[in-house]
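Read off the chains here:
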Amino acid sequence: MKNRKLVANYNKSLIMRRAWKFYKAQEVRTMEMFSTCLRQSWNIAKNGTKENEISEIYTKYNKQIFYYILPRVGGEKPRLPKI
C-alpha cells in the first residue's frame, strides 16, 4: 500500500467566480489586481473565512479602526472616545 497524502478537494469554479466578483468590484482593473483577488479567493476557500467577515469587523469596530489609522496617515491625533 502506497502512502498517499490527503488532498483537499476545492470547488475551483466557486473560487474563480468569487475571484471574478472581487475583481469586478475594483475600480482599477489590472492583471496584478486579478491575481490579488484570486489569491484572496483561495485564502477564503482554504481557511473557511466568510466573505463578509471584514465588513462585519469594520462595522463593529469602525471607531477604533478610524482612531488607529488617522494619526498614521497624517491626521491630527484625535482624543480617544470613552468606550
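Heads up: the structure comes first, above all this text.
Residues numbered from 1 in each chain as written. Predicted model: local features only at pLDDT ≥ 70, side-chain atom pairs only at ≥ 80, totals over all residues. Heavy atoms only, no water.

Novice: Would you take a moment to explain helix H3 (residues 53–69) for this structure?
Specialist: Because each turn of an α-helix spans 3.6 residues, side chains separated by three or four positions end up pointing in the same direction. Over its 17 residues, H3 extends only 20 Å from the first C-alpha to the last, a length that falls short of the 24 Å expected when each residue adds 1.5 Å. Of all the bends found along H3, the most pronounced is centred on Tyr-61 and spans about 85 degrees. (Helix = DSSP H or I, 4+ residues; strand = E, 2+ residues; numbered from the N terminus. Expected span 1.5 Å × (residues − 1). Bend = angle between axes of the 7 residues up to and from the residue.)

Novice: Help me out: how do you make sense of helix H1 (residues 12–24) in this one?
Specialist: For H1, which comprises 13 residues, the first-to-last C-alpha distance of 18 Å matches the rise-based estimate of 18 Å (1.5 Å per residue) to within 8%. Those residues of H1 that fall on the buried side of the exposure criterion are Ile-15, Arg-18, Ala-19, Phe-22 and Tyr-23. Taken around the axis of H1, the buried residues stretch over an arc of 140 degrees, which confines them to a single face. Relative to its buried face, H1 has exposed residues pointing more than 90 degrees away, namely Arg-17 and Lys-21. Looking at the buried side of H1, the elements it contacts are helix H2 (31–47). (Buried < 20%, exposed > 50% of the residue type's maximum accessible area, 1.4 Å probe, protein only. Arc of directions from axis to C-beta. Contact = heavy atoms within 4.5 Å.)

Novice: Whenever I open this one, a nonpolar patch on the surface confuses me. Can you help?
Specialist: On the surface, Ile-54, Ile-57 and Tyr-61 cluster together into a nonpolar patch covering about 300 Å² of accessible area. Mapped onto the elements, Ile-54 comes out in helix H3. (Patch = residues over 30% accessible without salt bridge, like charges linked within 9 Å, V, L, I, M, F, W, Y side chains within 5 Å. Areas by Shrake-Rupley, 256 points an atom, 1.4 Å probe, with all protein chains shown as cover. Salt bridge = Lys/Arg side-chain N within 4 Å of Asp/Glu carboxyl O.)

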